[in-house]
Amino acid sequence: MGRGKLKMEMIGDEKTRYRTYRNRSKGLKKKIHELSTLCDVEACMILFHGDATDDPCSSRPDVWPENRDVVERIINQYLNKRKEDDQKRTLDLSHVLESTKTNVESEKLMEKMANRKGERRELELSWKGFPMKS
């Protein structure tokens, strides 16, 4: 039997909300571990729960994997990759003008080819005895 539909709104009772947070974060850690193991990818997860005043650890984020060096390495890899991607996307005016010129030239070529295709079709029709368009 399936579960009932859950309302997506904040849980009012603080103890229930924290218990739900704790249980779901355990589930997320398990899922991220499975994903990284089964798919051979590097993954990390950082959860921050600043509302739990009962918990002495509330100011510390929940981190997976627990090894801080591994998490920092993964985050640094991500940041470096983002920098590389941003640099690849950066264009100066000469790149934009060159790209526009290439697009215009390809459009002209396509038009020329279409015109020739139409002329060739008219010639074929006239050879077969059909009247040419004027």
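Definitions and cut-offs
Residues numbered from 1 in each chain as written. Predicted model: local features only at pLDDT ≥ 70, side-chain atom pairs only at ≥ 80, totals over all residues. Heavy atoms only, no water. Patch = residues over 30% accessible without salt bridge, like charges linked within 9 Å, V, L, I, M, F, W, Y side chains within 5 Å. Areas by Shrake-Rupley, 256 points an atom, 1.4 Å probe, with all protein chains shown as cover. Salt bridge = Lys/Arg side-chain N within 4 Å of Asp/Glu carboxyl O. Lys, Arg positive; Asp, Glu negative; His and termini not counted. Charge placed at Lys NZ, Arg CZ, Asp CG, Glu CD. Helix = DSSP H or I, 4+ residues; strand = E, 2+ residues; numbered from the N terminus. pLDDT = per-residue confidence, 0-100. Expected span 1.5 Å × (residues − 1). Buried < 20%, exposed > 50% of the residue type's maximum accessible area, 1.4 Å probe, protein only. Contact = heavy atoms within 4.5 Å.

Attention shifts here to a positive patch on the surface. Taken together, the side chains of Lys15, Arg19, Arg22 and Lys26 define a basic patch exposed on the protein surface. Position of Arg22 among the secondary structure elements: in helix 1 (residues 14-38).

Overall, the predicted model of the chain reaches an average pLDDT of 82, with 81% of residues at or above 70. By mean pLDDT, the top-scoring element of the chain is helix 1 (93), and the lowest-scoring one is helix 3 (residues 93-127) (78).

Moving on: helix 1. Given a rise of 1.5 Å per residue, 25 residues ought to cover 36 Å, and the 36 Å separating the end C-alpha atoms of helix 1 matches this to within 8%. Residues Arg17, Tyr18, Ser25, Ile32 and Ser36 constitute the buried set of helix 1. Structurally, helix 1 contributes buried residues whose contacts are with strand 1 (45-47) and strand 2 (62-64). At the exit of helix 1 stands Asp40, carrying a positive phi of roughly 55°.

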